[in-house]
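Listed below are the residues making up each chain.
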Amino acid sequence: YLANAELREGSQHCQCDTPAFLEETLKRARCITQAKLLVRMDAGNDDVENVRVLRQKCHGPVDWIIKRNLRKESPDEWFEEACAHGDSIDSRPGKEVWIGDAWRQHDGKVERVVVEAVRRTMTADGQPLLVPDLEINTFWTSLKPSQVTAQQVVELYHDHGTSEQFHSELKTDMDIERLPSGKFATNALVLECGLVAYNILRLCGQETL
């Protein structure tokens, strides 16, 4: 189900007004379910204001996975830490993958950071690389290591591809990829109507199943 939608100017940064939008979305989600929620956000939303919203007890049980913005952190140091404290994941020749846990200060608290370190010395089609390619992905998460492994956290984050399928239904099947008006307010209203129509169609589909 689509709990919330907001039309934004193309020049607006993805984090602008996001804490208020996130809070409203959590309130709406609680009208759908009282089960524990998992919020997944990308590196553009790596901001302590979002975490403060997610920590509020009034929203009920909420966990999160937020991809970290490495900013000026050293990829080489993260790779060394992943190799020292993480597990090696089976991969193809010429590609090393290490996944593990680390802990960092975050808004006055020590929080879990899951690190995924990938080192490629050869491309998928067998072409050796003159200089190894290093890819580092790190994630803030409230999920406990005793309940969810580091590898499962990475898989849960990468599962955002499933959400893209639902976006496709909204944009393609409902023909909202190109909004009809030259006026922003009109298009915002069309998107809100699309939210209602999308959920009605979802309800019809669930009932028929």
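This text goes with the structure placed above it.
Everything quoted here is computed from the prediction, not taken from an experiment.

K.L.:
Got a minute to help me understand the sheet that holds strand 3 (residues 87–89) in this structure?
P.N.:
Pairing between the strands of a sheet comes from backbone hydrogen bonds, and it takes one of two forms, parallel or antiparallel. Spatially, six strands are ordered 1-2-6-5-4-3 in an open sheet, and the strand pairing comes out mixed. Each edge of the open sheet carries a strand with a single partner, namely strand 1 (37–41) and strand 3. The sheet shows a mean angle of 25° between the axes of neighbouring strands, direction not considered. The sheet contact formed by strand 5 (residues 109–122) and strand 6 (residues 128–141) spans ten bridges and is antiparallel. Note on strand 6: the bridge partner recorded for Arg119 is Leu134. Sitting on the sheet, helix 1 (residues 18–32) touches strand 1 and strand 2 (62–67), and the angle it makes with strand 1 is about 150°.

K.L.:
Could you clarify how one ought to interpret unusual backbone geometry in this entry?
P.N.:
With the exception of glycine, the majority of residues adopt a negative phi angle, and the majority of peptide bonds are in the trans configuration. For Asp17, which is not a glycine, the phi torsion comes out positive at approximately 65°. Examined against the element boundaries, Asp17 turns out to sit in the segment before helix 1. One non-glycine residue, Asp175, lies in positive phi territory at about 60°. Along the chain, the position of Asp175 falls in the loop between helix 5 (160–173) and helix 6 (184–208).

K.L.:
Help me out: how do you make sense of the packing of helix 1 against helix 2 (residues 48–55) in this one?
P.N.:
The description of two helices packed together rests on the angle between their axes and the distance between the axes. Two elements in contact, helix 1 and helix 2, have axes whose closest approach is 9 Å; the angle formed by their N-to-C orientations is 20°. With respect to helix 2, the element helix 1 is oriented roughly parallel. Judged by the twist between their axes, the crossing of helix 1 over helix 2 is right-handed. From helix 1, Thr18, Pro19, Leu22, Glu23 and Leu26 reach across to helix 2, where they touch Glu49, Asn50, Val53 and Leu54.

K.L.:
Got a minute to help me understand the pairing of strand 2 in this structure?
P.N.:
On any regular strand, side chains alternate: one points to one face of the sheet, the next to the other face. For strand 2, the tally of buried residues reaches five of six residues, placing the bulk of the element in the interior. Across five bridges, the pairing between strand 1 and strand 2 is parallel. Its bridge partner being in strand 2, Arg40 is matched across the sheet by Ile65. The parallel pair strand 1 and strand 2 is bridged by helix 2, and the resulting crossover is right-handed. Pairing analysis gives three bridges linking strand 2 to strand 6, with the strands arranged antiparallel. Along strand 6, the bridge assignment pairs Ile65 with Thr141.

K.L.:
It is not clear to me how a nonpolar patch on the surface should be interpreted in this structure. Could you clarify?
P.N.:
Taken together, the side chains of Tyr1, Ile32 and Leu203 present a nonpolar region at the surface, about 320 Å² in accessible area. Mapping Ile32 onto the fold places it in helix 1.

K.L.:
Explain the pattern of salt bridges here, please?
P.N.:
Side chains that differ in charge, positive against negative, can pair when their charged atoms come close. Scanning the entire structure with this criterion turns up 15 salt bridges. Notably, a salt bridge pairs Arg55 with Asp107, separated by 3.3 Å at the nearest N-O pair. You can see Arg55 sitting in helix 2 and its partner Asp107 sitting in the loop between strand 4 (95–106) and strand 5, a full 52 residues away along the chain. Glu135 is paired through a salt bridge with Arg120; the nearest N and O atoms lie 3.0 Å apart. Pair noted here: Glu135 is in strand 6 and Arg120 is in strand 5, with a separation of 15 residues, a long-range link. Among the residues examined, Glu135 registers a relative accessible area of 28% and is labelled partly exposed.

K.L.:
Got a minute to help me understand the packing of aromatic side chains in this structure?
P.N.:
For any pair of aromatic rings, the description consists of the separation of the ring centres together with the inter-plane angle of the planes. The tally for this structure, following the rule as stated, stands at one aromatic pair. Aromatic side chains Phe139 and Tyr157 sit 4.8 Å apart centroid to centroid with 45° between the ring planes, which places their arrangement in the tilted category. On the criterion of sequence distance, the pair formed by Phe139 in strand 6 and Tyr157 in helix 4 (residues 150–158) is long-range, its members being 18 residues apart. Accessibility classification places Phe139 together with Tyr157 in one group, the buried group. The cationic tip of Arg8 hangs over the ring face of Phe21; the distance from NZ or CZ to the ring centre is 5.8 Å. The side chain of Arg68 reaches across the aromatic face of Trp140, ending 4.7 Å from its centre.

Parameters and conventions
- Counting of residues starts from 1 at the beginning of each chain's written sequence and follows it residue by residue.
- Per-residue local features of the predicted model are confined to residues with pLDDT of at least 70, and side-chain atom pairs are confined, for both listing and counting, to 80 or more; whole-chain, interface and lining totals are unaffected and use all residues.
- Side-chain descriptors were evaluated using all non-hydrogen atoms of the structure, hydrogens and water having been removed beforehand.
- Two strands qualify as a pair provided DSSP detects at least 2 bridges between them.
- Counting from the N terminus, the helices are the DSSP runs of H or I reaching at least four residues and the strands are the DSSP runs of E reaching at least two.
- Throughout, an axis means a line fitted to C-alpha atoms (over the contacting stretch in the case of helices), and angles, computed between N-to-C directions, take values from 0 to 180 degrees.
- The contact criterion used is simple: two residues touch if any of their non-hydrogen atoms lie within 4.5 Å.
- Roughly parallel refers to an angle under 35 degrees, roughly antiparallel to one over 145, roughly perpendicular to one between 65 and 115, and oblique to any angle outside these ranges.
- The hand of a helix crossing depends on one turn: near helix anticlockwise from the far one by less than a right angle means left-handed, and clockwise means right-handed.
- Exposure classes here rest on a 1.4 Å probe applied to the protein chains alone. A residue is buried below 20% of its type maximum, exposed above 50%, and partly exposed in between.
- Seen with its strands pointing away from the viewer, a crossover is right-handed if its path from the first strand over the helix to the second goes clockwise.
- Like charges are joined within 9 Å and nonpolar side chains (Val, Leu, Ile, Met, Phe, Trp, Tyr) within 5 Å, but only among residues with over 30% relative accessible area and no salt bridge; these make up the patches.
- Methods summary: accessible areas were calculated by the Shrake-Rupley approach with a probe of 1.4 Å, and residue burial reflects only the protein chains presented.
- Salt bridge, as used here, is a side-chain nitrogen of Lys or Arg placed within 4 Å of a carboxyl oxygen of Asp or Glu.
- Geometry of aromatic contacts follows a simple scheme: Phe, Tyr and Trp rings, the Trp one being its six-membered ring, pair when their centres are within 6.5 Å, and the pair is stacked under 30 degrees between planes, edge-to-face over 60, tilted otherwise.
- We count a charge as sitting over a ring when the NZ of a lysine or the CZ of an arginine lies within 6 Å of the ring centre and within 35 degrees of the ring normal.

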